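# Per-entry structural report
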Amino acid sequence: MFQYLKNIDFILLLAVVGLIFLGLMALYSSSHPSLDAGFGNNYFLKQVIWILIGFGLIIILYFLPNRWIYASAYYFYGLSLFFLLLVIFVGKMGQGAERWLQIGPVSFQPSEFAKFATILAVAKFLSRDEANPNHIPDFLIASIFVVVPFTMIIRQPDLGTSMVFLAISLPMFFWAGLKLSNLLLIAMPIFIILASFHFFTFLVLMLILVVYLVLSHRSKLILISNFLLNIVMGLLTPVLWNNLKPYQRNRIKIFLNPESDPRGAGYQIIQSKVAIGSGGGLGKGFMQGSQTQLRFLPEQHTDFIYAVVGEELGFLGALTGLTLFFVLLIRGVQIASMVKNKFNSIVAVGIVTVIAFHMIINIGMTIGLFPVTGLPLPFISYGGSAMVTNLVMIGILLNFYKNRYEY
Amino acid sequence: MFTSEQEFKKYLFYGIFILLFLILAFQFYNLQISKSSLYSEKSVENSVKIVTQFPVRGNIYDRDGRMIVDNRPAFSLYLIPSETTEKTIGTISELIDVHPDDIRKELRSAGRFQPVKVMRQVDIEKLTWIQENIVDLPGVEWKSEPKRHYVRRSGLAHLLGTLGEIDERELVSYPQLEPGDIVGKKAVEKTFDENMRGSKGFSFVKVDAAGRVVEQVYTKKTLRPSPGNHLYLTIDLRLQSFADSLLGDKRGALIAIDTRNGEILTLLSKPDYDVSKLSGVISSDIWDQLVNDPHHPLYDRACQSGYPPGSTYKLVAAIAALNENIIRPSRKNNCPGYFVIGNKTIRCWKPKGHGTLDLEGAIKNSCNVYFYQLGLLIGLDTWSKYSTLFHFGQKTGIELTNENPGLVPSLNYYEKVYGKGKWTKGMLANLAIGQGEVLVTPLQMVQFTLTLANRGILYTPHLGLKLVNPLNREESKFKSESVKIEGIHSQVFDVVLEGMREVVDGGTGVWAAVYGIPSAGKTGTAQNPHGEDHAWYIGFAPFENPEIAICVLVENGGSGGGVSAPIAGKYLKRYFHYQGKYDYEVEKKLWALAAAKKDSIAAAQDSLGIVHSDSTALQN
């Protein structure tokens, strides 16, 4: 018995439990039944059920033989692609986007599941002994693993979630051996995209790229193809921008200047900042936040739930949550470093990255640092699919920790 | 797997996470610690809403406390943009007969949770219908707002003026008011607006994001509305109504003023309109009807338009001539019924002529020939100087809007209009009898009469008697303002006033006489380009110790002595009747007795045991 306990990573587990408690508090406060007759759904109770299911899965995953995870990676990946295809054909509309799949009484978001499945597949592919992400064929195949779900999700359309796939791929490639110089080269198009709206910046960046490429002594094929890729990306982005859905374009515009639309889309960001700012150092107290209780906060049980934490528990509460996330992430990287198995290590980094990305984008959004993307906050936001997926990923990490000495 | 390169990667990840942690933590610090008070304020602003409580506007009373105007509840219809559906807009626009696009525009220009007033003074039937169907009309709200109620309205429209929604210009001059507020638009309602308006109260309520009231909030800023002051006018409502019945369908004005303080007892302009129809929501039919009426009922004839004063203005020429020692009062002049000036012949009103008259006689009989000559003797400068001295050509300063200053032409004026030296002596002669370019308002004429009655002391005509605070009944009286017209010799007044007394006592103004109360006056029959002559009468009474001055103008009424003087007489009788100084019955008995006995009035008086008075007015 003691042996079992010794193999449980309590640091990780406690951080997750802490976050879940914080989340349940915020969820209860923002959706308790007395708040309004309109909340017929008891979000709190539903969330608790999802958490229980998630912990059930954690226990199963904890005892699962480590090799099973490796073995089933591609099947999971295939299954997730199948679900995404289903969404395309029989998806349920939600907020101007088809994201949901209804199975019996339960509707879930296959894109949440796909994140995890993609991590497993990419990790399995890159953990082969002969795999080297610095070699173009390996790199391209690994990229295809990511690009396929990315493409299927971006056309749902769900820009936020699809960006998650791009965000997790590079750290995983890097962890699997991609050289930093190559990483920068690959990341270059991202900078080029950002710069493409400003011609002069675009020009300067391209100049830097050319100098870098010439000095890097690579094969001419790579030089030319990379150069062309960047040029095309840079020129194509404004065209793509014009093809974005109006609400997507609006979100980015409003983010850049929320005051431009204080009653419309900017309303969310302003109200969220007001909620957090008015919380002050110690907060207005549990269930005492006027922004939350009077429902000035938009999406206060899902996307903007961290504003509830900020308003009612103050700077202290917000910082506690941040610290718990920080502990979780650092612990995740430590697990990735300590496990002997290469697949496990890459998966751990993928999990850490996906949680980190959600956390940064979501909290960044509630405090006005990032545009409104609709990414939920792991362990805190209301939502079954995300909660279960996140807890499954924690279960995987716990499994890895238990089997950290296995090759 | 454990290489030093892997260690580097691990620390790179640590570094990135630490950096991101710091960035987020810093932003939280920035929002929650540095700018906490700013956002706290905003969150309070969000959830605590001010509810404006409208004050009750002060009532209007006459000088004896008879109620003229008070307030009755009325309901205004509001829409809350955040809750209003297209269906609501459709139903409401049909109900109140406003285009749905206009409602949409108004809703868009307001805040999401800010109720927008779409209609004032909704019919009670419509309101009842809305209340019954409120379930199908999300976003609709109604609030009670006091509305003017006119207890008495005959002959009061021009005096009271109207109320209306504040316009942009008024918003600039009353920065404490808001769009949608109701202010006085004309006359007394406008002049005393700030006194009667009261001040709004503010209460605070906590609302949720949908704008629903959650609870009352009590703060230091909670303020009860304070009602406006009641306004007591100098008007005597009985006399005002009586004057209204005297003028009847005639066009014109009747103003009566207390000579001892400038308090206006009656200020009437006819025709007028139903003031209750113009205060509140004005129907376009009624407005079109009023604007297109050929008799211009919206025009205040008492002070808004200038008229040629006719013979009433001879008094100015007489004063000027006497005071400048241009003539002696005993100066005699023969009136053959016409006057030749240059190659022109101007006729006196009496074709046969008045014969030989002195100044008093010329005033009494209103002889044009005498005053033509006087005009030529005085000259334009002196005439203008005395006109201006008696405040003609300038506003009286009464508490009414749109007052007309009239016109006193000067030498400059004539040279500008006709060219240097081009104007003729005939024009000057005309001015002396109150014709030509000179324009006065009935209000200026009554002010002039008051000044004569007071032998040079001018009280500014005014309508405000006092304000009464409805809460503590505290009164604040309006003070009478007076100026002394300097430089007029007392003997000048003696002569002119004696002439005016004779006007009533056997002169052109006999019909203005009041039995038992000697008075003075002057008739005027002013030619004008708009048809029949304007009939004027000015006068004051009693002759000794004057109390009241009156001016009657009947537009295109004919002769002053025949049309306006009798109206003045009836009015004065009613005034003195109320004062207990005149008895209709006594006069009736006297007439009956005199007729029966074919006897003199004096004998009849004796037989009734009445003390013989100085007046011989009735004998004429």
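What this report covers is the structure whose coordinates are included nearby. Along each chain, residue indices are assigned from 1 in the same order as the chain's sequence is written. Think of it this way: whatever chain is written first is A, whatever ligand is written first is 1, and the rest follow in order. Thresholds applied to this predicted model are a pLDDT of at least 70 for local features of residues and 80 or more for the giving and counting of side-chain atom pairs; totals over whole chains, interfaces and linings are not thresholded and use all residues. The side-chain values count all of the structure's non-hydrogen atoms but skip hydrogen atoms and water molecules.

### Some points on the overall build of chain B
Applicable threshold: Each helix corresponds to a stretch of at least 4 residues labelled H or I by DSSP, and each strand to a stretch of at least 2 residues labelled E; elements are numbered beginning at the N terminus. Only C-alpha atoms enter the radius of gyration; for comparison, a globular chain is expected to reach 2.2 Å times N to the power 0.38, where N is the number of residues. Three exposure classes are used, based on accessible area relative to the maximum for each residue type with a 1.4 Å probe and protein chains only: buried under 20%, partly exposed in between, and exposed over 50%. Residue contacts are defined here by distance: any two heavy atoms, one from each residue, within 4.5 Å place the two residues in contact. Per-residue accessibility takes into account occlusion by the displayed protein chains alone, with areas from the Shrake-Rupley method and a 1.4 Å probe.
On a plain count of helices and strands, chain B comes out with 23 helices and 23 strands. Relative to the compact-globule value of 25 Å for 620 residues, chain B shows a C-alpha radius of gyration of 35 Å, a clear excess of over 25%. Counting only residues that meet the buried cut, chain B has 51% of its 620 residues in that class. Taking as baseline every contact in chain B between residues at least 6 positions apart, the subset at least 24 positions apart corresponds to 69%. Summed over all atoms, the accessible surface of chain B reaches about 28,200 Å², with 52% contributed by carbon and sulfur.

### Looking at the pairing of strand 10 (residues 230-233) of chain B
All names here are of chain B. The line we're drawing: DSSP-based pairing: two strands are paired if at least 2 bridges between them are found.
Alternating positions in strand 10 separate into two faces, H230 and Y232 on one and L231 and L233 on the other, with burial throughout. Bridge count for strand 10 against strand 18 (residues 464-468) is four bridges, and the pairing is antiparallel. When the sheet's bridge partners are listed, H230 is paired in strand 18 with V468.

### Re a nonpolar patch on the surface
Test applied: Patch membership is restricted to residues that have no salt bridge and whose relative accessible area is over 30%. Joining uses 9 Å for like charges and 5 Å for the nonpolar side chains Val, Leu, Ile, Met, Phe, Trp and Tyr. Take a side-chain nitrogen of Lys or Arg and a carboxyl oxygen of Asp or Glu: if they are within 4 Å of each other, that pair is a salt bridge.
Taken together, L180, L184 and Y212 of chain A together with F8, L12 and I16 of chain B make up a surface patch of nonpolar side chains, about 510 Å² in accessible area. At the level of elements, helix 8 (180-195) of chain A together with helix 1 (4-34) of chain B are the ones that each hand at least two residues to the nonpolar patch. Considering each element in turn, the nonpolar patch owes the most residues, three residues, to helix 1 of chain B. For L180 of chain A, a relative accessible area of 37% corresponds to the partly exposed category.

### Side note on the nonpolar core
Filter applied, for reference: Note on terminology: a nonpolar core comprises buried Ala, Val, Leu, Ile, Met, Phe, Trp, Tyr and Cys residues joined through side-chain atoms within 4.5 Å.
Ranked by internal contacts, the top residues of the largest apolar core, which has 109 residues, are L328, I355, I363, F379 and I394 of chain A. With 15 residues, the top contributor of residues to this core is helix 14 (residues 305-338) of chain A. Discounting chain neighbours no more than four positions away, the residues touching F379 of chain A are V16, L19, I20, G23, F325, L328, I355, M387, N390, L391 and I394 of chain A. Of all hydrophobic cores here, the second largest spans 101 residues; its members include I235, Y307, L497 and A526 of chain B.

### What to know about the packing of aromatic side chains
Rule in force here: Two rings from Phe, Tyr or Trp (for Trp, the six-membered ring) form a pair when their centres are within 6.5 Å of each other. A pair whose planes differ by under 30 degrees is stacked, one over 60 is edge-to-face, and the rest are tilted. Two thresholds decide whether a charge sits over a ring: the Lys NZ or Arg CZ must be within 6 Å of the ring centre and within 35 degrees of the ring normal.
Counting across every chain of the model gives 31 aromatic pairs over all chains. Relative to F21 of chain B, the ring of F326 of chain A has its centre 5.0 Å away and its plane inclined at 40 degrees; by these criteria the two rings are tilted. Highlighted residues: F326 of chain A in helix 14 and F21 of chain B in helix 1, drawn from two different chains. Note on F192 of chain B and F478 of chain B: the rings are 5.4 Å apart at their centroids and 65 degrees apart in plane angle, and the pair reads as edge-to-face. In this pair, F192 of chain B sits in the loop between helix 8 (187-191) and helix 9 (193-197) while F478 of chain B sits in the loop between strand 19 (475-477) and strand 20 (482-484), placing the two residues 286 residues apart along the sequence. Aromatic rings pair up to connect Y313, W383, F390, F392 and F448 of chain B into one cluster. The residue whose ring lies beneath R238 of chain B is Y578 of chain B, and the NZ or CZ to ring-centre distance is 3.9 Å. One Lys or Arg, R331 of chain B, reaches over the ring of Y370 of chain B and ends 5.6 Å from the middle of that ring.

### A short note on unusual backbone geometry
Put simply, K270 of chain B and P271 of chain B share a cis peptide bond, and its omega is -5 degrees. Counting through the fold element by element, P271 of chain B comes out in the loop between strand 12 (264-270) and helix 11 (275-278). Cis geometry is found at the peptide bond from A541 of chain B to P542 of chain B, where omega equals -15 degrees. Backbone geometry at M287 of chain A places phi at a positive 65 degrees, although glycine is not the residue there.

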